[in-house]
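# Structure assessment
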Amino acid sequence: MTFELRTADLEVINSATKYPSIPTYHRLGERGALTDAVTEFSGPVIGTEKVDGSNSRIICLPDGTWLLGSREELLCAKGDLIGNPAQGIVAALRGVADALAAPDDTVRVYFLETYGGKVTAASKQYTGNLTVGYRLFDVAVLPGHAELFARPVKEISAWREAGGQSFVGEAELRAAATRAGVEPTPRLFTLDGADLPRELGATRDFLTEHLPETRCGLDEKAGGRPEGIVLRTPDRSVIAKARFEDYERTLRRRRSAR
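Please read these numbers as outputs of a predicted model, since none were measured by experiment. (Residues numbered from 1 in each chain as written. Predicted model: local features only at pLDDT ≥ 70, side-chain atom pairs only at ≥ 80, totals over all residues. Heavy atoms only, no water.)

Take the layout of surface pockets next. Here the largest pocket is characterised by a volume of approximately 460 Å³. For the largest pocket, the lining is made up of 25 residues, of which Tyr 19, Lys 50, Asn 55, Arg 71 and Glu 113 are closest to its centre. Those elements giving two or more residues to the lining of the largest pocket turn out to be β3 (44-50), β4 (54-60), β11 (228-232) and β12 (239-243). Of the residues assigned to the lining of the largest pocket, the class counts are seven nonpolar, eight polar and ten charged. (1 Å grid on protein atoms, 1.4 Å probe; cavity = no way out; pocket = protein on both sides within 12 Å on 5 of 7 lines; lining within 4 Å. Points joined across faces, edges and corners; volume = space filled by probe spheres on them. Helix = DSSP H or I, 4+ residues; strand = E, 2+ residues; numbered from the N terminus. Nonpolar A, V, L, I, M, F, W, Y, C, P; charged D, E, K, R; others polar.)

So, about the sheet that holds β4. Spatially, β6-β5-β4-β7-β8-β9 is the arrangement adopted by the six strands of the open sheet, whose pairing is antiparallel. Only two strands of the sheet have a single neighbouring strand rather than two, namely β6 (74-77) and β9 (166-167). The sheet contact formed by β4 and strand β5 (residues 66-69) spans four bridges and is antiparallel. Its bridge partner being in β5, Ile 58 is matched across the sheet by Leu 68. Across the sheet, helix α2 (residues 89-99) touches β4, β5, β6, β7 (107-116) and β8 (132-142), and the angle it forms with β5 is around 155°. Relative to β8, helix α5 (residues 170-180) is tilted by about 125°, and along the sheet it contacts β7 and β8. (Pairing = 2+ DSSP bridges. Contact = heavy atoms within 4.5 Å. Axes fitted to C-alpha atoms, helices over the stretch in contact; angles between N-to-C directions.)

Counted under the stated rule, the structure contains 19 salt bridges. The closest approach of N and O atoms between Lys 18 and Glu 72, which form a salt bridge, is 3.1 Å. Of this pair, Lys 18 sits in the loop between α1 (10-16) and β1 (26-28) while Glu 72 is found in the loop between β5 and β6, placing the two residues 54 residues apart along the sequence. Put simply, Lys 50 and Glu 227 hold a salt bridge, and the shortest N to O gap is 3.2 Å. (Salt bridge = Lys/Arg side-chain N within 4 Å of Asp/Glu carboxyl O.)

Following this line, the structure appears as structure tokens:
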């Protein structure tokens, strides 16, 4: 079946291409506090910087068109004269989208963090001059889009959160970043899963050791405080996030409860 954007259900495409929820390395408990249970990793684990920006999407479709989206909504399509200016995503990524080649009978979704400017409250950690940047952190490939896009929206949402999307591994992700002419999120280390810390305090110290300041600063006036680290296996079969704020908040609560 030939795909045509003008006849497609945009609500379905939006749901199918949203980024799924990523678990925290230490599992969340009551009131957003971390528990002692960790996400289990085995074999090589890649640590990448987690950038505090706006989750953004470039959705490349088989008919050669593209869509730009934020985490929750679609903002612009190829050929639109005016796009939704929300969070500066369209202004930052329209040129990137235009340069991408159409996928072969698949839907390919590039997930980027758009940051700096006035995007989030943490923008000052990356820029003092309101500079806007973006980094690629994942790519999903959705074959069989005709069948997928025929499903009800509620079914697609459950499919997505259950891991239905197919994400590329580390080697292909790096290659995709090169082809797109964008920088991936900084790679910080590769280590064995057995060497990851398991205690809350040790994990907070681990974050500080491996990411004392952001590697995504956009100018010399950047504050430099990083958000955290994403842990992922090379094939992305296991992924989890560890944010400084979560560990600091949980450790404060535990100290005050003594």
